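Structural description and commentary
The lines below spell out each chain.
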Amino acid sequence: MKKILGMLAVLVILLAGCNGTTSSSDVVTELTEPVEIEFWHAMNGINEETLNTIIENYNSSQDIVTVKAINQGAYKDLDTKIQSAGQAGQLPTLAQGYPNSIYEYIQNDWVTDLAPYAEVNAFDLDIDNFIQTYVDEVTGENGELHAIPFNKSTELLFYNEDMLKEAGVEVPTTVDELFTASEKLYEKTGKPGLGFDSLNNLYATLAYNSGITSWETDGEFNLNDEKIIGNVTRFQEAIKSGSMRTAGEDVYMSGPFANQDVAMFIGSSAGTGYVKSGVDGKFNWSVAEYPTESVIQQGTSIAVFNTATAEEQAAAVDFLQFLTNDESMNIWTQATGYLPATTSALESAEYQKFMEGDASATAAANQVDNMQLLVPVFGGSQEIYSVNVTDTMKSILEGGEDVKAALDDLNQEANDIYARNN
């Protein structure tokens, strides 16, 4: 990476604010004095180790900016701490956030618009190099760039090759085949054929592929649409029969999968490392694409907060450019199972070679064009999705609650939350 040297240059640019008004912003494009920036994240295990490696690479690559990374626990903990820090006026320089979280930060007027940096190519930030669907979810109505895409993933179908072969089952490529395979595996093994990591993701995927691409119209929700009721009922019946299961107290399906208590499961591509370490050569396994037309686009982007000084914000942009360059992206993705955030990293010779020996990376890359932001973003959407949808799906799939009644209640809860927040 280039040294961040030279005279301090300040470029004044007119840009559209979050509320559609126009204001001026001082954009620092070069740094001469040492600056330390604080980066809050929710990466743990191998993800944190890899992130720290890249940060160490950045800090040692130049002598102006120092990035101090602070692990804030799980994503929920990170979001709670940012909310508290924002109210206290003590935000870090930058932090990870899901679209729903970043939406709330924008509403509080905490987020720096990064579009001016991209417009002048400050610190070599080339936003056109990022995969477009990732950029779309952090772009405002007036062209504001609210964050930089980072750890992106999707859901995939993990399967035990040995169990499928012994049961005479082909890898499912459609939802109908998924049910048929699960039933046959259960008959042959006495164990569930399929499990799920995330129940709210399952709901969102079922809804979108049922044609429900918008959860609400003018504040009126349709989370209890008849098509969704029918699809959720089908999964409830499969779980009752024993051919499918939820993660339940296991939290994630990688453990039951490694113990061969389930033949297949749907989970995040970012969980591949946990599967590898859990299986550890005990059996042959592989990964296939999620057997639906549209798949979830998930993972966080990184927002820079406007409470930081102009120099700190500029330092953050320079760090984000380094974090997402091809070399860093290859280190990150190959160790963690996340997808490259940029086209150049995805198409790089190194990543293409990596894909040849990694079925998870190949399946995830093949799904990039089918990824959708399945969870709408609006005031209260995080509460609805993370709490209400999750609890409702647990009550249906784990508690056996009547599907229509539960989804009717969910729909009313969503209407109430929306009314309070919009």
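Calculation criteria
Residues numbered from 1 in each chain as written. Predicted model: local features only at pLDDT ≥ 70, side-chain atom pairs only at ≥ 80, totals over all residues. Heavy atoms only, no water. Core = buried A, V, L, I, M, F, W, Y, C linked by side-chain atoms within 4.5 Å. Buried < 20%, exposed > 50% of the residue type's maximum accessible area, 1.4 Å probe, protein only. Helix = DSSP H or I, 4+ residues; strand = E, 2+ residues; numbered from the N terminus. Polar contact = N/O pair within 3.5 Å; in protein donor to acceptor, adjacent residues only side chain to side chain. Contact = heavy atoms within 4.5 Å. Patch = residues over 30% accessible without salt bridge, like charges linked within 9 Å, V, L, I, M, F, W, Y side chains within 5 Å. Areas by Shrake-Rupley, 256 points an atom, 1.4 Å probe, with all protein chains shown as cover. Salt bridge = Lys/Arg side-chain N within 4 Å of Asp/Glu carboxyl O. Lys, Arg positive; Asp, Glu negative; His and termini not counted. Charge placed at Lys NZ, Arg CZ, Asp CG, Glu CD. Pairing = 2+ DSSP bridges. Axes fitted to C-alpha atoms, helices over the stretch in contact; angles between N-to-C directions. Expected span 1.5 Å × (residues − 1). Bend = angle between axes of the 7 residues up to and from the residue. Phe/Tyr/Trp six-rings, centres within 6.5 Å; stacked < 30°, edge-to-face > 60°. Lys NZ or Arg CZ within 6 Å of the ring centre and 35° of its normal.

**Things to note about the nonpolar core**
- If you look at the biggest cluster of nonpolar residues, it comprises 78 residues, and the most contacted ones within it are Tyr-203, Trp-215, Met-264 and Ile-384.
- Residues Leu-125, Ala-147, Ile-148 and Ile-302 belong to the second largest nonpolar core, which totals 59 residues.

**Some words on the side chain of Ser-101**
- Position of Ser-101 among the secondary structure elements: in helix H3 (residues 99–107).
- A distance of 3.1 Å separates the side chain of Ser-101 from the side chain of Gln-382, its partner in a polar contact.
- For Ser-101, the contacting residues outside a window of four places in its chain are Asp-79 and Gln-382.

**Some details on a negative patch on the surface**
- Taken together, the side chains of Asp-391, Glu-401, Asp-402, Asp-409, Glu-413 and Asp-416 define an acidic patch exposed on the protein surface.
- With 3 residues, helix H18 (residues 403–421) is the single largest residue contributor to the negative patch.
- Tracing the backbone through its elements, the reader meets Glu-401 in the loop between helix H17 (381–397) and H18.
- Exposure remark for Glu-401: the relative accessible area of 32% places this residue in the partly exposed category.

**Here we look at the sheet that holds strand S6 (residues 148–153)**
- Taken in spatial order, the 5 strands make up an open sheet running S4-S3-S5-S15-S6, and their pairing is mixed. Strands with a single pairing partner mark the edges of an open sheet, and in this sheet they are strand S4 (65–71) and S6. Put simply, the sheet's adjacent strands are angled 20° from each other on average, direction ignored.
- Along the sheet, helix H1 (residues 46–61) contacts strand S3 (35–41), S4 and S6; its crossing angle with S4, the most-contacted strand, is approximately 165°.

**Some points on the side chain of Asn-100**
- Among the structural elements, Asn-100 can be located in helix H3.
- Judged by its relative accessible area of 10%, Asn-100 is buried.
- Beyond its immediate stretch of four places on either side in the chain, Asn-100 contacts Val-375, Pro-376, Val-377, Ser-381 and Gln-382.

**Some points on H17**
- Between its terminal C-alpha atoms H17 stretches 22 Å, which fits the 24 Å expected from 17 residues at 1.5 Å a residue.
- Its axis deflected by about 25° at Asn-388, H17 carries its strongest bend there.
- With respect to burial, H17 is a largely interior element, 12 of its 17 residues being buried.
- Within H17, the full set of buried residues consists of Ser-381, Gln-382, Ile-384, Tyr-385, Asn-388, Val-389, Thr-390, Thr-392, Met-393, Ser-395, Ile-396 and Leu-397.

**Concerning the sheet that holds strand S7 (residues 155–160)**
- One open sheet accounts for 5 strands, arranged S11-S8-S12-S7-S13; its pairing is mixed. Only two strands of the sheet have a single partner each, and these edge strands are strand S11 (244–246) and strand S13 (285–289). Taking the axes of each pair of neighbouring strands and ignoring which way they run, one obtains an average angle of 30° across the sheet.
- Two strands pair when backbone bridges link them, and strand S8 (residues 194–196) and strand S12 (residues 264–268) are joined in this way by 3 bridges, in the parallel orientation. Across the sheet, the residue bridging to Leu-194 is Met-264, located in S12.
- Here helix H7 (residues 175–189) sits on the sheet and contacts S7, S8, S11 and S12; the angle it forms with S12, its principal contact strand, is near 130°.

**So, unusual backbone geometry**
- For Asp-109, which is not glycine, the phi torsion reads 60° and is therefore positive.
- Inspection of the secondary structure assignment puts Asp-109 in the loop between H3 and helix H4 (115–119).
- The backbone phi angle of Asp-218 is positive, close to 55°, even though this residue is not glycine.
- Note that Asp-218 resides in the loop between strand S9 (216–217) and strand S10 (220–221).

**Side note on the environment of Pro-99**
- Looking at the secondary structure, you find Pro-99 in helix H3.
- On the accessibility criterion, Pro-99 (12% relative accessible area) is buried.
- Expressed as a C-alpha distance, the spacing of Pro-99 and Gly-299, which sit 200 residues apart in the sequence, is 8.8 Å.

**With respect to the packing of aromatic side chains**
- The final tally for this structure, using the stated rule, is 20 aromatic pairs.
- A centroid spacing of 5.4 Å and a plane angle of 10° characterise the contact between Trp-332 and Tyr-338, whose relative ring orientation is stacked. Each member of the pair Trp-332 and Tyr-338 is classed as buried.
- When the ring centre of Tyr-134 is taken as origin, the NZ or CZ atom of Lys-152, which lies over that ring, is 5.5 Å away.
- A cation sits over an aromatic face here: Arg-234 above Phe-179, 4.0 Å from the ring centre.

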